[in-house]
Amino acid sequence: MTTVSNWDATAFFERLTATNRLAKNKNFAFRRVSGLQGFEDALASLQTTTAFVCVSDTSEGYTELNNTPRTRRVKTVFFAMRHQIGNMAARLACFDIMRELFRQYMSVLILESTRLQEQSLYLDPRIRFSEIPEYFASGCACASFQVAVDIYTDLRYNESEWLSEAAQSPSQSQQP
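Described below are features of the structure shown in this document. (Residues numbered from 1 in each chain as written. Predicted model: local features only at pLDDT ≥ 70, side-chain atom pairs only at ≥ 80, totals over all residues. Heavy atoms only, no water.)

**Focus: the nonpolar core**
Residues Trp-7, Phe-13, Phe-28, Phe-79, Tyr-105 and Phe-145 are the most contacted members of the largest nonpolar core, which totals 33 residues. The greatest single-element share of this core, amounting to 10 residues, is contributed by helix α4 (residues 88-117). If we skip the residues at most four places from it in the chain, Phe-79 touches Phe-39, Phe-52, Val-53, Met-98, Leu-101, Phe-102, Tyr-105, Phe-129, Ala-141, Cys-142, Ala-143 and Phe-145. Counting residues in each nonpolar core, the second largest holds 13 residues, with Val-33, Leu-43, Cys-54 and Cys-142 among its members. (Core = buried A, V, L, I, M, F, W, Y, C linked by side-chain atoms within 4.5 Å. Buried < 20%, exposed > 50% of the residue type's maximum accessible area, 1.4 Å probe, protein only. Helix = DSSP H or I, 4+ residues; strand = E, 2+ residues; numbered from the N terminus. Contact = heavy atoms within 4.5 Å.)

**A look at the packing of aromatic side chains**
In total, this model carries 12 aromatic pairs according to the counting rule given. Between Phe-12 and Phe-13, the aromatic rings sit 5.0 Å apart at their centres with planes inclined by 80°, giving edge-to-face as the arrangement. As far as the burial class goes, Phe-12 and Phe-13 line up, both buried. Each ring, one from Phe-13 and one from Phe-145, has its centre 5.7 Å from the other, and the planes form 70°; the classification is edge-to-face. One end of the pair, Phe-13, is in helix α1 (residues 9-19); the other, Phe-145, is in strand β7 (residues 140-152), with 132 residues separating them in the sequence. Among the residues examined, Phe-13 registers a relative accessible area of 0% and is labelled buried. Here Phe-145 falls in the buried class, since its relative accessible area comes to 1%. (Phe/Tyr/Trp six-rings, centres within 6.5 Å; stacked < 30°, edge-to-face > 60°.)

**A few points about unusual backbone geometry**
Non-glycine residue Asn-27 carries a positive phi angle of around 60°. With respect to the secondary-structure elements, Asn-27 resides in the loop between α2 (21-25) and β1 (28-33). Backbone geometry at Ser-120 places phi at a positive 65°, although glycine is not the residue there. By secondary structure assignment, the location of Ser-120 is in the loop between α4 and β5 (121-123). In this structure Ser-120 comes out as buried when scored by relative accessible area, which is 17%.

**A few points about the layout of surface pockets**
Estimates place the volume of the largest pocket at around 230 Å³. Lining the largest pocket we find Arg-72, Val-74, Thr-76, Phe-78, Asp-124, Arg-126, Arg-128, Ser-130, Ser-144, Phe-145, Gln-146 and Ala-148. Taken together, the elements giving at least two residues each to the lining of the largest pocket come down to β4 (70-82) and β7. (1 Å grid on protein atoms, 1.4 Å probe; cavity = no way out; pocket = protein on both sides within 12 Å on 5 of 7 lines; lining within 4 Å. Points joined across faces, edges and corners; volume = space filled by probe spheres on them.)

Next comes the structure, spelled out in structure tokens:
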């Protein structure tokens, strides 16, 4: 079996945005951004676009050193919808739409999760949806969620990857 070293979350959510009826009906545009700053930059162009799905091309993560070593990568997806400033009813309606879009995305992500498991990639089943407070962007309802992917990581020591024995533990290098 071929082991995949990464999952292209950006391409996945771009495809979902392009093929989802609700996203199309509500004029969601897809953007690739770099972190929260990139999302804020995308919000600046909301004068010409009424709604966004943005996926950060950066990820956070860690490597676990245990019996089953793995690397976790966390991708962030942002939603944004423009509404009339000060109109809380319109803001709440935007959140309702984004919650429903999130639900619809999850209905496909659950199928994607099964496909990824066949390639030794595991999505964390807990995906939290967070609404961003109003003061973040006036006249814009914003939300985000994060998808964590665990990838098996081969951490066996490979001597050919090192120029010298410096990578060996002190107890190994002191042996006669």
